[in-house]
Amino acid sequence: MTTVVAVTAAVQRWLLGLMLACYVLAGVLPGPGETLRGLALRMPVGASALSLPMLLLAMMLFNAGLGVRITDLRGVVCRPARLVLGIAVNALLPLLVLPAVARSARSGSTGLCPRPRP
């Protein structure tokens, strides 16, 4: 087993624990994460820059794309209704949920944001 395969297997086995540890570490010591968030790669053409979060998101989506099976893509092309429904739900659900959460937070009914006493 090569080193890359061994590291990949270890990360996949311990992914949840590693993610939780990263969140705890970021909560206790936020300085390095804030520094990384500010890093940007200047593009030679134009005035735009690629931030580190953008690059990480691009790498994650590229990696997810590599894991897609061709037979699954054929199913999406043959029956696009599920794809359209999934996109619609992902677009519309926040529009329905966020106003309800904002209204309940404003009214103080959840107990999370108690109203100040007069």
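Above this text you will find the structure in question.
Each residue is numbered by its place in its chain's sequence as written, counting from 1. With the structure being a predicted model, the display of local features is reserved for residues of pLDDT at least 70 and the display and counting of side-chain atom pairs for 80 or more, all residues being used for whole-chain, interface and lining totals. To get the side-chain values, take all heavy atoms of the structure and skip hydrogens and water.

A. Focus on a nonpolar patch on the surface. On the surface, Val7, Val11, Trp14, Leu15, Leu18, Met19 and Tyr23 cluster together to form a nonpolar patch covering roughly 720 Å² of accessible area. Counting from the N terminus, the helices are DSSP H or I runs at least four residues long and the strands are E runs at least two residues long. Of all the secondary-structure elements, those providing two or more residues to the nonpolar patch are α1 (3-13) and α2 (15-28). No other element matches α2, which puts four residues into the nonpolar patch. As for its position among the elements, Trp14 is in the loop between α1 and α2. Categorising residues by exposure relies on relative accessible area from a 1.4 Å probe, with only protein chains included: less than 20% of the type maximum marks a residue as buried, more than 50% marks it as exposed, and the intermediate range marks it as partly exposed. Exposure remark for Trp14: the relative accessible area of 55% places this residue in the exposed category. Nonpolar side chains (Val, Leu, Ile, Met, Phe, Trp, Tyr) within 5 Å and like charges within 9 Å form the patches, drawn only from residues with over 30% relative accessible area and no salt bridge. Each accessible area value is a Shrake-Rupley result obtained with a 1.4 Å probe; residue values ignore everything except the protein chains displayed when judging cover. We define a salt bridge as a side-chain nitrogen of Lys or Arg found within 4 Å of a carboxyl oxygen belonging to Asp or Glu.

B. Molecular detail of the pattern of salt bridges. A full pass over the atoms with the stated rule returns one salt bridge. Between Arg69 and Asp72 there is a salt bridge, with its nearest N and O atoms 3.2 Å apart. In this structure Asp72 comes out as partly exposed when scored by relative accessible area, which is 39%.

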